[in-house]
Amino acid sequence: MSGIIGKKIGMTSLYMEDGRSVACTLIEAGPCVVTQVKTVENEGYNAVQIGFGEKKEKHTTKSLLGHFKKANTTPKKKLVEFRTFEQPLNLGDVLTVEMLEVGTFVDAVGTSKGKGFQGVVKRHGFGGVGGQTHGQHNRGRHPGSIGACSFPARVFKGLRMAGRTGGNRVKVQNLEVLRIYPEKNLLVVSGSVPGAKNSYVIIEN
C-alpha cells in the first residue's frame, strides 16, 4: 500500500459524460518529500516516512531540523509513515499527485469534525422517549431506561449514552479519482472525505 498526504480544500460537483451530477472533494495532494527510509536492519521493520506542508524553522525543534536536513529538505508540518510502497524510494525523493491515475479507486483517511458533548439523539440516532404522546412533556430527547433494577443490578458496558462526538480517525474506502491537475497539485475524488476544510488527509492506493 502506497499513498500521499494532502489537504482538504472543499467540495463541489462534476457532471459526468452520462449526465450524472457527482458530488466530489478537492484535495491538494503533495508534493511530499521522503524524509526517512526505515529498514529491518536499522529500525526492525520496513517503512517509508513522507512529509507534507511547509513549516517555519523557528517553530521546529532542533532534533527535527536535523532529521529534515538529512533528507536535504525544508521542515514539514505533517509526517506520515507507510509500511509498503510499490516503487522503491530513496531519501529526498519527491512524490506528486501524478502517482495516481484517473479512474482508479483510493481510500481517504482523515479526522472527522469534532461535535463536542452531544446527546443520544444526535450521537446515536435515538428516537427520544415516547414522542409527543403518553403524557410526555419534558424528556423528548432523553435516553430512557439504561437497565433493569434487581437483576442484573448494573449497567452493561458499552451502553450507548451521551458523550464526546466526532474528532475520530475515519477511513472512507473506494473513492474514485475523477480528475487530476498536476500543475496545481489538485486531486478530485468522488464523494465526501472526513474532516473540516484545510484539514490533513491521507490518500491510500
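Our subject is the structure that appears above.
Residues numbered from 1 in each chain as written. Predicted model: local features only at pLDDT ≥ 70, side-chain atom pairs only at ≥ 80, totals over all residues. Heavy atoms only, no water.

Enquirer: Can you tell me about the nonpolar core, naming the residues and giving the values?
Expert: General note: in soluble globular proteins, nonpolar side chains tend to be found buried as a group. If you look at the biggest cluster of nonpolar residues, it comprises 28 residues, and the most contacted ones within it are Ile27, Ile50, Leu187, Val189 and Ile203. When neighbours within four sequence positions are excluded, Ile203 is seen to be in contact with Ser2, Gly3, Ile4, Ile27, Leu100, Val106, Asp107, Ala108 and Leu187. Met16, Cys24, Leu178 and Val188 belong to the second largest nonpolar core, which has six residues in total. (Core = buried A, V, L, I, M, F, W, Y, C linked by side-chain atoms within 4.5 Å. Buried < 20%, exposed > 50% of the residue type's maximum accessible area, 1.4 Å probe, protein only. Contact = heavy atoms within 4.5 Å.)

Enquirer: How would you summarise the sheet that holds strand β2 (residues 21-29) if you had to cite specific residues and measurements?
Expert: Read once around its circumference, the closed barrel built from six strands follows the order β1-β2-β11-β10-β7-β12, with strand pairing classed as antiparallel. Strand-to-strand twist in this sheet, taken as the mean axis angle between neighbours without regard to direction, amounts to 50°. Note that strand β1 (residues 3-15) and β2 share nine bridges and pair antiparallel. The residue of β2 that forms the bridge with Lys7 is Glu28. (Pairing = 2+ DSSP bridges. Helix = DSSP H or I, 4+ residues; strand = E, 2+ residues; numbered from the N terminus. Axes fitted to C-alpha atoms, helices over the stretch in contact; angles between N-to-C directions.)

Enquirer: How would you summarise the sheet that holds strand β4 (residues 47-54) if you had to cite specific residues and measurements?
Expert: With antiparallel pairing, the four strands of this open sheet are ordered in space as β5-β4-β3-β6. Two strands in the sheet have a free side with no partner beyond their single neighbour: β5 (76-82) and β6 (94-95). The pairing of strand β3 (residues 32-38) with β4 spans five bridges and is antiparallel. Note that in β4 the partner of Val34 across the bridge is Ile50.

Enquirer: An account of the packing of aromatic side chains is requested, with residue identities and associated values reported.
Expert: The geometry of two aromatic rings is summed up by the distance between their centres and the angle between their planes. Under the criterion given, the structure shown has two aromatic pairs. Measuring from centroid to centroid gives 6.1 Å for Phe52 and Tyr200, while their planes differ by 90°, and the two rings are edge-to-face. Here the residue Phe52 occupies a position in strand β4, and Tyr200 occupies one in strand β12 (residues 200-204), the gap between them amounting to 148 residues. The class of Phe52 is buried, set by a relative accessible area of 4%. By relative accessible area, which is 27% here, Tyr200 ends up partly exposed. The interplanar angle of 85° and the centroid separation of 5.7 Å between the aromatic rings of Phe82 and Phe85 together place this pair among those described as edge-to-face. The two residues Phe82 and Phe85 agree in class, both being buried. (Phe/Tyr/Trp six-rings, centres within 6.5 Å; stacked < 30°, edge-to-face > 60°.)

Enquirer: Quick rundown of the environment of Gly110? Include the residues and the values.
Expert: Among the structural elements, Gly110 can be located in strand β7 (residues 105-111). Given the relative accessible area of 6%, Gly110 is considered buried. In the structure, Gly110 is positioned 26 residues away from Gln136 in sequence and 41 Å away in space, judged by C-alpha atoms. Each residue touching Gly110, except ones within four places of it in the same chain, is listed here: Asn168, Arg169, Val170, Pro194 and Tyr200.

Enquirer: Explain a positive patch on the surface residue by residue, including any values.
Expert: A cluster of basic residues, Lys113, Lys115, Lys122, Arg141 and Lys197, forms a positive patch on the protein surface. Structurally, Lys113 can be placed in the loop between β7 and β8 (116-118). (Patch = residues over 30% accessible without salt bridge, like charges linked within 9 Å, V, L, I, M, F, W, Y side chains within 5 Å. Areas by Shrake-Rupley, 256 points an atom, 1.4 Å probe, with all protein chains shown as cover. Salt bridge = Lys/Arg side-chain N within 4 Å of Asp/Glu carboxyl O. Lys, Arg positive; Asp, Glu negative; His and termini not counted. Charge placed at Lys NZ, Arg CZ, Asp CG, Glu CD.)

Enquirer: A description of the layout of surface pockets should follow, citing residues and the corresponding values.
Expert: For the largest pocket, the calculated volume is near 190 Å³. Taken together, Lys7, Glu28, Gly30, Pro31, Val33, Phe52, Gly53, Glu54, Lys76, Lys77, Val94 and Tyr200 form the lining of the largest pocket. Listed by contribution, the elements that provide at least two residues to the lining of the largest pocket are β4 and β5. For the lining of the largest pocket, the leading source of residues is β4, giving three residues. (1 Å grid on protein atoms, 1.4 Å probe; cavity = no way out; pocket = protein on both sides within 12 Å on 5 of 7 lines; lining within 4 Å. Points joined across faces, edges and corners; volume = space filled by probe spheres on them.)

Enquirer: Can you lay out the pattern of salt bridges for me, pointing to particular residues and giving the numbers?
Expert: Scanning the entire structure with this criterion turns up four salt bridges. Ionic pairing is found between Asp18 and Arg20, a salt bridge with its closest N-O pair at 2.8 Å. The class of Asp18 is exposed, set by a relative accessible area of 54%. One salt bridge in this structure joins Glu54 and Lys76, with 2.6 Å as the shortest N-O distance. Linking Glu54 in strand β4 with Lys76 in strand β5, this pair joins segments that are 22 residues apart in sequence.

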